[in-house]
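In case you want the letters, here they are:
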Amino acid sequence: MPTKRHALLALVLAIPLLLTACGGKADSGFTPQAGVLQIYSAQHHNVTQAWADAFTAATGIKAQIRDGEDSSMGHMIVEEGKTSPADVFLTENSPAMTVVERAGLLAPVDPATLGQVRDGMAPSTGKWTAIAARSTVLVYNKDLIREDQLPTSMMDLAKPEWAGKWGAAPGGADFQAIVAGMLADRGETETRAWLDALSRNAKVYQNNIATMKAVNAGEVPVGIMYHYYWYRDQAGDKQGSANTALHYFGGGDPGAFVSLSAGGVLASSDLPTQAQQFLAYVTSPAGQKVLVDSGSKEYVVGKGAPSDPALPPLDSLDAPKVDPFTLNSDTVVSVMTDAGIL
């Protein structure tokens with residue numbers, strides 16, 4: 001009897017058309033290898049490859065990675081449905097995972113794996129777990145603005161006095177995850193008002209790195225981004241961040257949102273035991289050390305596993321309390337489209 005991987009060849013050939021329609025990026029030449037653990041990943045490739053290599057070295061289980069981006073890969077898995085070759089799905093931000101979860105395609109994560117991560121690092125449903133975390137920050141140009149002149153809340157950027165003075169990359173999955181957190185924390189009315197102000201007042205950049213470099217160059221005094229791009233640049237040649245510093249909003253503010261990179265096992269997996277083993281490895285102390293050693297500067301989420309010492313402690317960020325299961329990327333896309341941003 002042919003496996004679902006073979007039966008999927010026709011569907012795999014059709015997927016690039018779907019991705020083109022969605023505007024996403026994925027490895028259109030991908031062919032799944034029979035008997036090999038299939039990891040669909042929207043995480044940074046070097047991080048996923050490091051996890052896969054270490055897992056194979058520890059267990060002898062071979063893994064194959066298919067790279068993509070959060071939204072397009074999540075919707076691709078939903079389109080593939082129960083015939084998806086994917087055994088494991090890894091995301092940069094959790095809203096893409098909830099798309100797959102709401103489609104009923106995820107298996108429950110082994111309780112022992114959930115027990116390895118810190119409190120609040122998995123949804124109330126137990127259908128996936130965090131594998132890493134990244135914090136929202138305000139990057140500012142030290143030559144243009146003093147820290148005591150910065151807004152006390154990210155919501156303040158909607159005020160007229162900030163018009164033309166801040167930048168962001170609203171077209172990316174990272175920013176859309178921040179909006180998802182705002183929606184869950186502040187509700188749709190307040191979020192729509194903030195997005196309307198963004199469409200009028202903010203300078204739009206391609207991604208987090210472009211936002212950071214624009215602030216560093218003095219194009220705008222401040223910008224919204226994730227923390228780890230700044231720490232990676234600071235650990236290198238600092239060409240994109242030498243004139244800047246980071247401001248953490250704290251206080252449960254939407255600007256202190258911590259986004260979870262997520263890992264889940266597909267209910268239709270041909271290799272469910274190996275898939276659960278992989279997720280257990282990624283969240284173990286050994287797997288979390290692989291994350292730190294990769295130089296990604298993302299936060300670890302495993303109990304007793306230290307993050308990169310350059311980062312402020314995750315527990316000190318005072319992020320808003322949001323159940324990641326409630327983060328809905330489809331609603332985010334809808335309100336951002338209504339605001340004329342997407």
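Predicted model, so just to flag it, every value in this text is computed and none were measured. (Residues numbered from 1 in each chain as written. Predicted model: local features only at pLDDT ≥ 70, side-chain atom pairs only at ≥ 80, totals over all residues. Heavy atoms only, no water.)

Draft legend 1. Expanded view of the nonpolar core. Ranked by internal contacts, the top residues of the largest apolar core, which has 59 residues, are L157, W166, W194, V222 and I224. Examining the composition of this core, we find that seven residues originate from one element, helix 7 (residues 173-186), more than from any other. Apart from residues no more than four positions distant in its own chain, W194 is found in contact with M154, M155, L157, A158, W166, F175 and M182. (Core = buried A, V, L, I, M, F, W, Y, C linked by side-chain atoms within 4.5 Å. Buried < 20%, exposed > 50% of the residue type's maximum accessible area, 1.4 Å probe, protein only. Helix = DSSP H or I, 4+ residues; strand = E, 2+ residues; numbered from the N terminus. Contact = heavy atoms within 4.5 Å.)

Draft legend 2. Molecular detail of the packing of aromatic side chains. Under the criterion given, the structure shown has eight aromatic pairs. Within the aromatic cluster, the residues linked to one another by ring pairs are F55, F278 and Y281. (Phe/Tyr/Trp six-rings, centres within 6.5 Å; stacked < 30°, edge-to-face > 60°.)

Draft legend 3. Layout of unusual backbone geometry. Phi angles above zero are rare outside glycine, and K297 is one such case at about 65°. Residue placement: K297 occurs in the loop between helix 12 (285-293) and helix 13 (329-338). Using a relative accessible area of 13% as the deciding quantity, one classes K297 as buried.

Draft legend 4. Fine view of the layout of surface pockets. Considered as a void within the structure, the second largest pocket measures approximately 410 Å³ in volume. A total of three residues in the lining of the second largest pocket trace back to one element, the largest contributor, which is strand 10 (residues 258-266). Among the residues forming the lining of the second largest pocket, the class breakdown is eleven nonpolar, three polar and five charged. (1 Å grid on protein atoms, 1.4 Å probe; cavity = no way out; pocket = protein on both sides within 12 Å on 5 of 7 lines; lining within 4 Å. Points joined across faces, edges and corners; volume = space filled by probe spheres on them. Nonpolar A, V, L, I, M, F, W, Y, C, P; charged D, E, K, R; others polar.)

Draft legend 5. Local environment of helix 10 (residues 227-235). Taken as a whole, helix 10 has its buried residues at H227, Y228, Y229, W230, Y231 and D233. Buried-residue contacts for helix 10 involve strand 5 (129-141), helix 7, helix 9 (208-216), strand 8 (222-226) and strand 9 (244-247).

Draft legend 6. How the structure looks around the confidence of the model for the protein chain. Of the residues in the protein chain, 92% reach a pLDDT of 70 or more, and the chain-wide mean stands at 91. Here residues 5-25 scores under 50 on pLDDT; set against residues more than four positions off or in separate chains, the count is 30 contacts. (pLDDT = per-residue confidence, 0-100.)

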